[in-house]
Amino acid sequence: MSLNGFDSYDEYFSACCKFLGDNEWIFNYPVTEILVQDIPSLVPDSWIHALSSLSEEEFKTFPVYLVKEDWPASLIAFCQWSKKLKLKPEIFNPSEKLELPEIIKAGVTPKKTHEVDNLVPFIHSLCSDHSINRIVDIGSGLGYLDLFLYVKYGHTILGVESGKKLVETSTSRFQKVKAALPLNHVDHLTTKKTKRRCVTKIPTNDFKAYVTSFLSRYHISTKSGETFHPNSTVIAAIMDLWEKFKPKEKVISILLCLQANIQFVAESLIVADRVKYLLERNAKEVSVVRVMDDSVSPRALALCVHK
């Protein structure tokens, strides 16, 4: 992985720390307090003016380092440094398209399909290079990756998943596939589940519908332990707050774009730190590979270590 012109990891780490320290006002607060602490007021007026003039398409490309000559020098410097500090890993391009029976692809989202189409051949190529045929998948979720690796390449997979419902769903799904295809078995290790997803996507930009859905999917308790039941009065109070802070929506959008640039730097810093740590522990080979398109799947990097 190239260090973008930095002579050493230490020099790169120092530059990252300075950049993050200089711009901590963009990210160093709980996201739930973005309005409580009035974080939008910290965005320089000159930055707001420059970024508010962007078209919708230009605004979408800002996290990919769109820079205009008439922007304030401080904003240009921010973008240039965030670009310099974002490391460029190797890129993996599958040599063949993953062809699997429709029964296995049933119910798989486009995002998950993209991930599997790239991860499965990538993992297989690593296994082939090092004569590996047994794989442990920690955090196996619904087992899509494990099943695809077995069906396509015959690898032996052990899936480890803490979510009981995920294990039950993946096991049920596997039984359906097993009935249609000649497969062996998939193992799971189950531990107590501690979290669950309580927010669903709303098909429209109806904030009231979002609030209603959100409140219906949470068990809310008071400090004394009593169950709190949201009603129309509570929803009306939330909508009043929405109307109060709605004028700041554009500034908050700008703030989130600035955070996206910070995210690239933070991700690169963490990955570089892991690489240096592993090299200091005498790893035989360490590489960072971009396996997926990060516009489709943000978790696009693979850290590969050969001990």
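The preceding data block contains the structure.
Below, the structure is looked at part by part. (Residues numbered from 1 in each chain as written. Predicted model: local features only at pLDDT ≥ 70, side-chain atom pairs only at ≥ 80, totals over all residues. Heavy atoms only, no water.)

**Structural notes on the overall build of the protein chain**
- The helix and strand tally for the protein chain stands at eleven helices and eight strands.
- Buried positions account for 35% of the 307 residues belonging to the protein chain.
- Pairs at least 24 apart in sequence give 62% of the contacts found in the protein chain among residues at least 6 apart.
- Summed over its atoms, the accessible surface of the protein chain is roughly 19,100 Å², and 55% of this surface lies on carbon and sulfur atoms. (Helix = DSSP H or I, 4+ residues; strand = E, 2+ residues; numbered from the N terminus. Buried < 20%, exposed > 50% of the residue type's maximum accessible area, 1.4 Å probe, protein only. Contact = heavy atoms within 4.5 Å. Areas by Shrake-Rupley, 256 points an atom, 1.4 Å probe, with all protein chains shown as cover.)

**Quick notes on the pattern of salt bridges**
- Inspection of the entire model under this criterion finds seven salt bridges.
- Where Asp273 meets Arg274, a salt bridge forms, and the shortest distance between an N and an O atom there is 2.9 Å.
- Its relative accessible area of 35% is what places Arg274 among the partly exposed residues.
- Here Glu280 and Lys276 are joined by a salt bridge, their closest N and O atoms 2.5 Å apart. Taken together, the residues span about one helical turn, with Glu280 and Lys276 both in helix H11 (residues 249-280) at a distance of four residues.
- The exposure class of Glu280 is partly exposed, given its relative accessible area of 44%.
- The partly exposed category is assigned to Lys276, whose relative accessible area is 22%. (Salt bridge = Lys/Arg side-chain N within 4 Å of Asp/Glu carboxyl O.)

**Thoughts on the sheet that holds strand E7 (residues 285-290)**
- Taken in spatial order, the three strands line up as E1-E7-E8 in an open sheet, and their pairing is mixed. Only two strands of the sheet have a single partner each, and these edge strands are strand E1 (90-91) and strand E8 (301-306).
- Taken together, the two bridges between E1 and E7 define a ladder with parallel strand orientation. Of the residues in E7, the one forming a bridge with Glu90 is Val289. (Pairing = 2+ DSSP bridges.)

**What to know about the side chain of Ser287**
- Relative to the elements of secondary structure, Ser287 occurs in strand E7.
- Accessibility expressed as a relative area gives 15% for Ser287, which makes it buried.

**Considerations on the packing of aromatic side chains**
- One pass over the full model with this rule turns up nine aromatic pairs.
- The interplanar angle of 70° and the centroid separation of 5.5 Å between the aromatic rings of Phe6 and Tyr12 together place this pair among those described as edge-to-face.
- By relative accessible area, Phe6 is classed as buried at 11%.
- Aromatic side chains Phe207 and Trp242 sit 4.4 Å apart centroid to centroid with 20° between the ring planes, which places their arrangement in the stacked category. Of the two residues, Phe207 is situated in helix H9 (residues 207-216) and Trp242 in helix H10 (residues 232-245); the sequence distance between them amounts to 35 residues. (Phe/Tyr/Trp six-rings, centres within 6.5 Å; stacked < 30°, edge-to-face > 60°.)

**As for the pairing of strand E3 (residues 156-161)**
- The alternating pattern of E3 places Ile157, Gly159 and Glu161 on a buried face, while none of Thr156, Leu158 and Val160, on the opposite face, is buried.
- This β-α-β element, strand E2 (residues 134-138) to helix H7 (residues 144-153) to E3, shows right-handed connectivity. (Right-handed = clockwise from strand over helix to strand, strands pointing away.)

**Topic: H7**
- The buried fraction of H7 amounts to seven of the ten residues, a majority that puts the element mostly inside the structure.
- Buried within H7 we find Tyr144, Leu145, Asp146, Leu147, Phe148, Leu149 and Tyr153.
- One or two steps after H7, the chain reaches Gly154, where phi turns positive at roughly 80°.

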